[in-house]
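What follows is each chain in one-letter form.
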Amino acid sequence: MKKLMLLLGFLTVVMACKNEAEDMAGGDLSGKPGAGMLNPNAPKSGKDPVNPRSETFYYFAGYQVSKTAGSDKMGMDIGKAPDNPTQLYVSGYSFVNMYGAGYTCDEKTGALKIKELIATEMAGSEEANKAEAEYFKNLQEATRIVFETQQVQILVGNPVKEVMFFKKR
């Protein structure tokens, strides 16, 4: 009986952690009303909280300078932390891996400063890995974000040396 009680207690903790992790994964990218987006033109996520593999709200259309092509298979969602309006989260999938990045953001100017970028570690072709390395490097060096009606621009460097374009789906 004691073993059964311990097992039930363990399963309860595991399920609570799993549910909490799922809640966190949806986070501000759930598209729920009042999710606290950056501005009126900012995205409401295309992610369905019931099906987290659904399409993202934006796709990577390409660069202003680099010849590396974008793809509608590459996606991105953007949201603000509910407890900290200066914290901006970007997540999605790139050439090979899924990623997430935390930024501090000045809402008035759109100025960004990266806190961290995390990514899965899947293997890809040499060409895809090279394109992804460029993509992640630019996300890490992002200095400003501009929301427009049909796209988001992420400006890289100060002075700006590259612009990443994300189009609304």
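Below is a short write-up of the structure. Only a predicted model underlies this, so the values are computations on that prediction, with no experimental measurement involved.

1. A look at the pairing of strand S2 (residues 69-81)
Here's step 1: Where strand S1 (residues 58-63) lies against S2, four bridges are found, and the strand directions are antiparallel. Its bridge partner lying in S2, Phe-60 is registered against Ser-71.
Here's step 2: Between S1 and S2, which pair antiparallel and follow one another directly, the connecting turn spans five residues.
Here's step 3: The pairing of S2 with strand S3 (residues 84-93) spans seven bridges and is classified as antiparallel. Within S3, the residue paired with Ile-78 across the bridge is Val-90.

2. As for helix H2 (residues 126-140)
Here's step 1: The end-to-end C-alpha distance of H2 is 21 Å, a good match for the 21 Å that 15 residues give at a rise of 1.5 Å each.
Here's step 2: The complete set of buried residues in H2 reads Ala-128, Ala-131, Glu-132, Tyr-135, Phe-136, Asn-138 and Leu-139. All buried residues of H2 project into a common sector of 160° when viewed along the axis, lining one side. Opposite the packed face of H2, turned more than 90 degrees from it, sit the exposed residues Glu-126 and Lys-130.

3. Observations concerning the nonpolar core
Here's step 1: One finds Tyr-135, Leu-139, Ile-145, Val-152, Ile-154, Met-164 and Phe-166 to be the most contacted residues of the largest nonpolar core, which totals 26 residues.
Here's step 2: Considering every element that reaches this core, the biggest residue donor is strand S4 (residues 98-105), with four residues.

4. So, the side chain of Glu-132
Here's step 1: With respect to the helices, strands and loops of the structure, Glu-132 is situated in helix H2.
Here's step 2: There is no salt bridge for the buried Glu-132, and the closest opposite charge comes from Arg-169, which lies 14 Å off by N-O distance.
Here's step 3: Of note is the side chain of Glu-132, whose polar atom sits 2.7 Å from the side chain of Asn-97.
Here's step 4: With near-sequence residues (within four places) excluded, Glu-132 lies in contact with Ser-94, Phe-95, Val-96 and Asn-97.

5. Details of the packing of aromatic side chains
Here's step 1: For the structure shown, the criterion picks out nine aromatic pairs.
Here's step 2: Judged by centre distance (5.2 Å) and plane angle (50°), the ring pair of Phe-60 and Phe-166 falls under tilted. With Phe-60 in strand S1 and Phe-166 in strand S8 (residues 162-168), this residue pair connects regions lying 106 residues apart in the sequence. Like Phe-166, Phe-60 is buried.
Here's step 3: Taken together, a centroid distance of 5.6 Å and an interplanar angle of 75° make the contact between Tyr-99 and Tyr-135 edge-to-face.

What counts and what doesn't
Residues numbered from 1 in each chain as written. Predicted model: local features only at pLDDT ≥ 70, side-chain atom pairs only at ≥ 80, totals over all residues. Heavy atoms only, no water. Pairing = 2+ DSSP bridges. Helix = DSSP H or I, 4+ residues; strand = E, 2+ residues; numbered from the N terminus. Expected span 1.5 Å × (residues − 1). Buried < 20%, exposed > 50% of the residue type's maximum accessible area, 1.4 Å probe, protein only. Arc of directions from axis to C-beta. Core = buried A, V, L, I, M, F, W, Y, C linked by side-chain atoms within 4.5 Å. Lys, Arg positive; Asp, Glu negative; His and termini not counted. Salt bridge = Lys/Arg side-chain N within 4 Å of Asp/Glu carboxyl O. Polar contact = N/O pair within 3.5 Å; in protein donor to acceptor, adjacent residues only side chain to side chain. Contact = heavy atoms within 4.5 Å. Phe/Tyr/Trp six-rings, centres within 6.5 Å; stacked < 30°, edge-to-face > 60°.

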